[in-house]
Amino acid sequence: MADDLVKRLRREGWSPTAWSNGPGARYAAHEHDFDKILVVSAGTIRFSMADGGEVVSIGVGDRLDLLAGTAHDAVVGPDGVTCLEAHAPSGTLAAVVRHDAGTW
């Protein structure tokens, strides 16, 4: 699965790297000065957007596009998570969007 997701991202011109965290790991609210694409290759993770209060959960194959400057925190699901992540200059992505597996 992970190899297929990496290939899909590369076909779109992205250069993904992988990272993992164990169950229940937390990231405090923060933002980035670059656009970010996250794709889950194993497990689950939940993001809360500070500005709009939106909560986005993503699992295997799902993708989240985050715009630069989007304040968010995250909590890893009960089975841990492995994500593929790619960065782009601010303004590359059009919106904060969650894409279901198989739709991107």
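One numbering rule holds for all chains: residues counted from 1, following each sequence as written. Predicted model: local features are reported for residues with pLDDT of at least 70 only, side-chain atom pairs are reported and counted for 80 or more only, and whole-chain, interface and lining totals are derived from all residues. The side-chain quantities take in all heavy atoms of the structure and omit both hydrogens and water.

**Some remarks on the packing of aromatic side chains**
Our working definition: Only Phe, Tyr and Trp rings are paired, with Trp represented by its six-membered ring, and only when their centres lie within 6.5 Å; those with planes under 30 degrees apart are stacked, over 60 edge-to-face, the remainder tilted. Each residue's exposure class comes from its accessible area (1.4 Å probe, protein chains only) as a fraction of the maximum for that residue type: buried when under 20%, exposed when over 50%, partly exposed otherwise.
Within the structure shown, the criterion is met by one aromatic pair. On the numbers, 5.9 Å between centres and 70 degrees between planes, the contact of Trp19 with Tyr27 is edge-to-face. Assessed through its relative accessible area of 34%, Tyr27 is described here as partly exposed.

**Regarding the pattern of salt bridges**
A side chain with one charge can pair with a side chain of the opposite charge if their charged atoms come near. Stated precisely, the cut-off is as follows: The salt bridge criterion pairs a side-chain nitrogen of Lys or Arg with a carboxyl oxygen of Asp or Glu, the two atoms within 4 Å. Helix numbering and strand numbering both begin at the N terminus, where a helix is a DSSP run of H or I of at least 4 residues and a strand a DSSP run of E of at least 2.
Scanning all chains against the criterion turns up five salt bridges. Across the salt bridge formed by Glu12 and Arg63, the nearest N and O atoms sit 2.8 Å from each other. Of this pair, Glu12 sits in the loop between helix 1 (2-11) and strand 1 (17-21) while Arg63 sits in strand 5 (residues 63-66), placing them 51 residues apart in sequence. Take Glu12: its relative accessible area is 39%, and that puts it in the partly exposed class. A salt bridge links Lys36 to Glu85; the nearest nitrogen and oxygen atoms lie 3.6 Å apart. Here the residue Lys36 occupies a position in strand 3 (residues 34-49), and Glu85 occupies one in strand 6 (residues 72-89), the gap between them amounting to 49 residues. Each of the salt bridges in this network shares a partner with another, and the network as a whole consists of Glu12, Arg63 and Asp65.

**Concerning the pairing of strand 6**
Convention followed: Strand pairing requires that DSSP identify at least two bridges connecting the strands.
Here strand 1 runs beside strand 6; their pairing, made up of five bridges, is antiparallel. Within the sheet, the bridge partner assigned to Ser20 lies in strand 6 and is Thr82. Examined bridge by bridge, strand 3 and strand 6 share 14 bridges and lie antiparallel to one another. When the bridges of strand 6 are listed, Val39 appears paired with Leu84.

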